[in-house]
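# Structural description and commentary
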Protein chains: 2
Amino acid sequence: MIKREKTNPIIKASDVKPSREDFEVFGVFNAAAVEVGKRTFLLLRVAEKAIETDPMVAITAKYDPETNTIKKVYFDKNDQGIDCSDPRTVKTQKDGNFITSMGHLRGAWSDDGVNFSVDEKPLLAAGTPIETYGIEDARITFIEGKYIITYAAVSDDGICTVMAVSKDLKSVERKGMIFVPNNKNVAIFPERINGLYWALHRPFNKVRARESIWIASSPDLIHWGQFEKIVSPGPEEWDRVKIGPGAPPLRTDKGWLEIYHGVDKDEKYSLGGVLLDLDDPTKVIGRSTTPFLFAEEPYEVDGLVKNIIFTCNAVKRSAGMIDIYYGAADDSTCLATISEEELLKDVT
Amino acid sequence: MIKREKTNPIIKASDVKPSREDFEVFGVFNAAAVEVGKRTFLLLRVAEKAIETDPMVAITAKYDPETNTIKKVYFDKNDQGIDCSDPRTVKTQKDGNFITSMGHLRGAWSDDGVNFSVDEKPLLAAGTPIETYGIEDARITFIEGKYIITYAAVSDDGICTVMAVSKDLKSVERKGMIFVPNNKNVAIFPERINGLYWALHRPFNKVRARESIWIASSPDLIHWGQFEKIVSPGPEEWDRVKIGPGAPPLRTDKGWLEIYHGVDKDEKYSLGGVLLDLDDPTKVIGRSTTPFLFAEEPYEVDGLVKNIIFTCNAVKRSAGMIDIYYGAADDSTCLATISEEELLKDVT
């Protein structure tokens, strides 16, 4: 059975220092996770918002490319056409809705995979014109001696996926947009297959088809093609409404094991698995019928958004155990462990 | 000044034989155009619909991957939750709207660039799961001895762009999806630049930013990346609401000349030009302030959709003249000619 870490949530908003004095952290979730030697590194999604001191003024944050700074945008709550009744959003008649939060990516290090020391400063924060409303949901794949980071970037153009590269996870180099808006949940495979790199991704548009897991290949990690939808929602209730890639696939003897999220009609996010052919990852050879991890604990059921379990990375440990780092209720960072053998039984 | 062909529209729906006996052609527009030796080839967007014989039954068409055929889908106009008041659409409460038309791509050949003989059968028609509701708006780029065809494919997943290759434009080989939904108007440059292929494209999502002209590069025409928005709508009225790539860029001494479409607040589509740096096509060095071609003639002002001028290809002739083939009012195929010199003055 899956075993939740006793000290869950292992990282909470109160464990994270704001990136600046006039901001507060209200969530830390959906972390990338990777082994670095004997240590574990998490790249946390930190959700901040500007501290509001005047009860009649709402504040949102926006990256300004001209000054290369994150600026506060002020809204008078008395203004006609402004609705601030939901503290997460400023609704304007003229320009639509603006979220009050901004996300950045923060490193955290651990010797035991459970107790983490969170960095004082962001490793990556909004810093380009396609990141104006923040960045979030990083995933890391170690491949050919480099850590490849993908993350979602939010701007007026929608949500796209950016790639960045690091040798040591202490400094990072952006490599630009790799998937055009709207597309996120990009999870890169840890090896080339038939000479190409591969990634799972999830385009999302207001179309009739429900959000699904897609695949793509690349000769160089920069240019992507051979797009194909490989897993659709359903047929079970728990993942009937939409699905998306979770962790970058893990190699097992039986196939590529993909831990993905499924969403039911009540917007409950749970985790299941699919198995992809080792030599042809476009071929689905197994799939969970029930979720192996779903919101049950108070910190999963209640939080900023109720009933969310969302993973961006799972770490294969020795002794056949898989550590799944996950965001609970869009609020905190948690850990659960399951044996590879058991998980494979679930998907075959 | 731009000169419209006297015999416009040069191809009308009545000039095109339906692809099957129980269908009728109601529009032929937005053609790809390319010189093949001394001849001109058009790849027409043919819009067909099933002939309705029972006044109480509406019919739409859908490609069925299982039988590899295009099937008719019947709707009882008396059914509750079905609205057929607009003959172009069947609106259902349960599954949303279905268009009654289906597009395919049909070749046409000419010795003089004006009088065309339209092929009896489609060159390309809906034939894969991402083309279930038809294909449309082809563009052709001749590069390195091959005709590269891009076209929009419509399915429940939205509208994506597919690439196909031909040596002679008599047979064609599909190469798969090159831009994920929603993305269309893909126009490939006719040469490599700095070792890479380049394309203009137009992602479209329900986001705050207005639809714009984007660029991308590719090492092999299959995998695309380095996505960047290079031209935004406005600031003039005629192209303030949205813009998109039109013809594949033409090489001139002053830069890459891109003929694009701009849309105003009344949904009027007109043509203007932008000039891109020859060595760095992400760099915009000139732009029209006024459209050089906009709906004025009766066949442009009136038709299936009023006030539409839309081009997919322009052909550079000897003597410095550019033949712009364009769709008028989403209805018929037209031709207008302008000197390169004059067009360049317009954009610099």
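Residues numbered from 1 in each chain as written. Chains lettered and ligands numbered in written order. Predicted model: local features only at pLDDT ≥ 70, side-chain atom pairs only at ≥ 80, totals over all residues. Heavy atoms only, no water.

With that settled, consider the interface of chain A and chain B. At the interface, 36 residues of chain A touch 36 residues of chain B. Buried surface at the junction of chain A and chain B, summed over both partners, amounts to about 2600 Å²; 56% is from carbon and sulfur atoms. One can count four salt bridges joining chain A with chain B. Close ionic contact of B:Lys229 with A:Asp157 constitutes a salt bridge, the shortest N to O distance being 2.8 Å. Connecting chain A to chain B are 15 residue pairs in polar contact (both at pLDDT 80 or more). Looking at the side of chain A that touches chain B, the elements with two or more residues in it are strand E8 (96-99), strand E14 (173-179), strand E16 (197-203), strand E17 (213-218) and strand E18 (225-231) of chain A. (Contact = heavy atoms within 4.5 Å. Buried area = accessible area lost by both parts, 1.4 Å probe. Salt bridge = Lys/Arg side-chain N within 4 Å of Asp/Glu carboxyl O. Polar contact = N/O pair within 3.5 Å; in protein donor to acceptor, adjacent residues only side chain to side chain. Helix = DSSP H or I, 4+ residues; strand = E, 2+ residues; numbered from the N terminus.)

Mapped onto the elements, B:Thr92 comes out in strand E7 (residues 89-92). Beyond its immediate chain neighbours, meaning those up to four positions away, B:Thr92 contacts B:Phe75, B:Gly81, B:Ile82, B:Asn97 and B:Phe98.

Before going further, it helps to examine the confidence of the model for chain A. Any region with low pLDDT has predicted coordinates that should not be read closely. Taken over all residues, the pLDDT of chain A has a mean of 96, while the share at 70 or more is 100%. Taken together, the chains of this predicted complex give a pTM of 0.96 and an interface ipTM of 0.95. (pLDDT = per-residue confidence, 0-100.)

Take the sheet that holds strand E13 (residues 158-166) of chain B next. Residue and element names in this part refer to chain B. One open sheet holds the four strands; their spatial order is E11-E12-E13-E14, and the pairing between them is antiparallel. Both outer strands of the open sheet, strand E11 (135-143) and strand E14 (173-179), are each paired with one neighbouring strand and no more. Strand-to-strand, the axes of this sheet are offset by a mean angle of 25°, without reference to chain direction. Two strands pair when backbone bridges link them, and E13 and E14 are joined in this way by five bridges, in the antiparallel orientation. The residue of E14 that forms the bridge with Thr161 is Phe179. (Pairing = 2+ DSSP bridges. Axes fitted to C-alpha atoms, helices over the stretch in contact; angles between N-to-C directions.)

The next thing to look at is helix H2 (residues 340-347) of chain A. All names here are of chain A. Of all the residues in H2, the buried ones are Glu340, Leu343, Leu344 and Val347. Buried residues of H2 fall within an arc of 100° about the axis and therefore sit on the same side. Facing away from the buried surface of H2 by more than 90 degrees, the exposed residues are Glu341 and Lys345. (Buried < 20%, exposed > 50% of the residue type's maximum accessible area, 1.4 Å probe, protein only. Arc of directions from axis to C-beta.)

Mapping chain A onto chain B calls for a rotation angle of 180° and an axial translation of 0.0 Å; the resulting RMSD is 0.0 Å. Such a combination of turn and shift is consistent with a two-fold rotation axis. Here 100% of the interface residues in chain A have copies in chain B that are interface residues too; the copies meet face to matching face. (Least-squares fit on C-alpha atoms with pLDDT ≥ 70 in both.)

Looking along the chain, the bond that leaves B:Asn8 and enters B:Pro9 is cis, with omega of -10°. The residue B:Pro9 is located in the loop between strand E1 (3-4) and strand E2 (23-36) in this model. Although it is not a glycine, A:Leu221 adopts a positive phi angle of roughly 70°. In this structure, A:Leu221 sits in the loop between E17 and E18. The class for A:Leu221 is buried, based on a relative accessible area of 8%. Look at A:Ala329: it is not a glycine, yet its phi comes out positive at around 55°.

All right, on to the environment of B:Val241 then. Here B:Val241 is to be found in the loop between strand E18 (225-231) and strand E19 (242-245). Sequence-wise, B:Val241 and B:Ala199 are 42 residues apart; in three dimensions their C-alpha atoms are separated by 22 Å.

With that out of the way, let us pick up the pattern of salt bridges. All names here are of chain A. Here the structure, examined in full by the defined rule, presents 56 salt bridges over all chains. Between Arg174 and Glu131 there is a salt bridge, with its nearest N and O atoms 2.8 Å apart. Taken as a pair, Arg174 in strand E14 and Glu131 in the loop between strand E10 (117-124) and strand E11 (135-143) lie far apart in primary sequence, 43 residues in all. Notably, a salt bridge pairs Lys175 with Glu173, separated by 3.6 Å at the nearest N-O pair. Linked by salt bridges that have partners in common, Arg4, Glu296 and Glu300 make up one network.

Take the packing of aromatic side chains next. Counting across every chain of the model gives 20 aromatic pairs over all chains. Ring centres 6.0 Å apart and planes at 85° place the aromatic pair A:Phe116 and A:Tyr325 in the edge-to-face group. Placement of A:Phe116 in the loop between strand E9 (101-110) and E10 and of A:Tyr325 in strand E25 (residues 321-328) is noted, with a sequence separation of 209 residues between them. Residue classification places A:Phe116 among the buried residues on the basis of a relative accessible area of 15%. Centre to centre, the rings of B:Phe142 and B:Tyr147 are 4.7 Å apart; their planes meet at 45°, and the pair counts as tilted. Under the relative-accessibility criterion, B:Tyr147 is labelled buried at 7%. Linked through ring pairs, A:Phe75, A:Phe98 and A:Tyr133 together constitute an aromatic cluster. For A:Arg208, the ring lying beneath its charged end belongs to B:Phe98, and the centroid distance is 3.9 Å. Over the ring of B:Phe204 we find B:Arg202, and its NZ or CZ is 5.0 Å from the ring centre. (Phe/Tyr/Trp six-rings, centres within 6.5 Å; stacked < 30°, edge-to-face > 60°. Lys NZ or Arg CZ within 6 Å of the ring centre and 35° of its normal.)

Before going further, it helps to examine the side chain of B:Thr252. All names here are of chain B. Of note, Thr252 is situated in strand E20 (residues 250-252). Within the structure, Thr252 has its side chain in polar contact with the backbone oxygen of Gly255 (distance 2.7 Å). Filtering out sequence-adjacent residues up to four positions away, Thr252 remains in contact with Leu257, Leu275, Leu278, Lys316, Glu340 and Leu344.

Quick look at the sheet that holds strand E26 (residues 332-339) of chain B now. Strand pairing in a sheet relies on backbone hydrogen bonds, with the paired strands running either antiparallel or parallel. Residues and elements named next belong to chain B. Spatial strand order, E1-E26-E25-E24: four strands in an open sheet with antiparallel pairing. Every other strand in the sheet has two partners, leaving E1 and strand E24 (309-316) as the edge strands with one partner each. This element, helix H2 (residues 340-347), spans E24, strand E25 (321-328) and E26 of the sheet and lies at about 85° to E26.

What follows deals with the pairing of strand E8 (residues 96-99) of chain B. Residue and element names in this part refer to chain B. Pairing between E7 and E8: four bridges, direction antiparallel. By the bridge assignment for E8, Lys91 is matched with Asn97. Taken together, E7 and the strand that follows it, E8, pair antiparallel across an intervening segment of three residues.

Residue and element names in this part refer to chain A. Summarising the element assignment, Glu173 is placed in strand E14. Overall, Glu173 belongs to the partly exposed group, its relative accessible area being 46%. For the pair Glu173 and Lys121, spaced 52 residues apart in the sequence, the C-alpha separation amounts to 16 Å. Setting aside anything within four residues of it in sequence, one finds Glu173 in contact with Ala164 and Val165.

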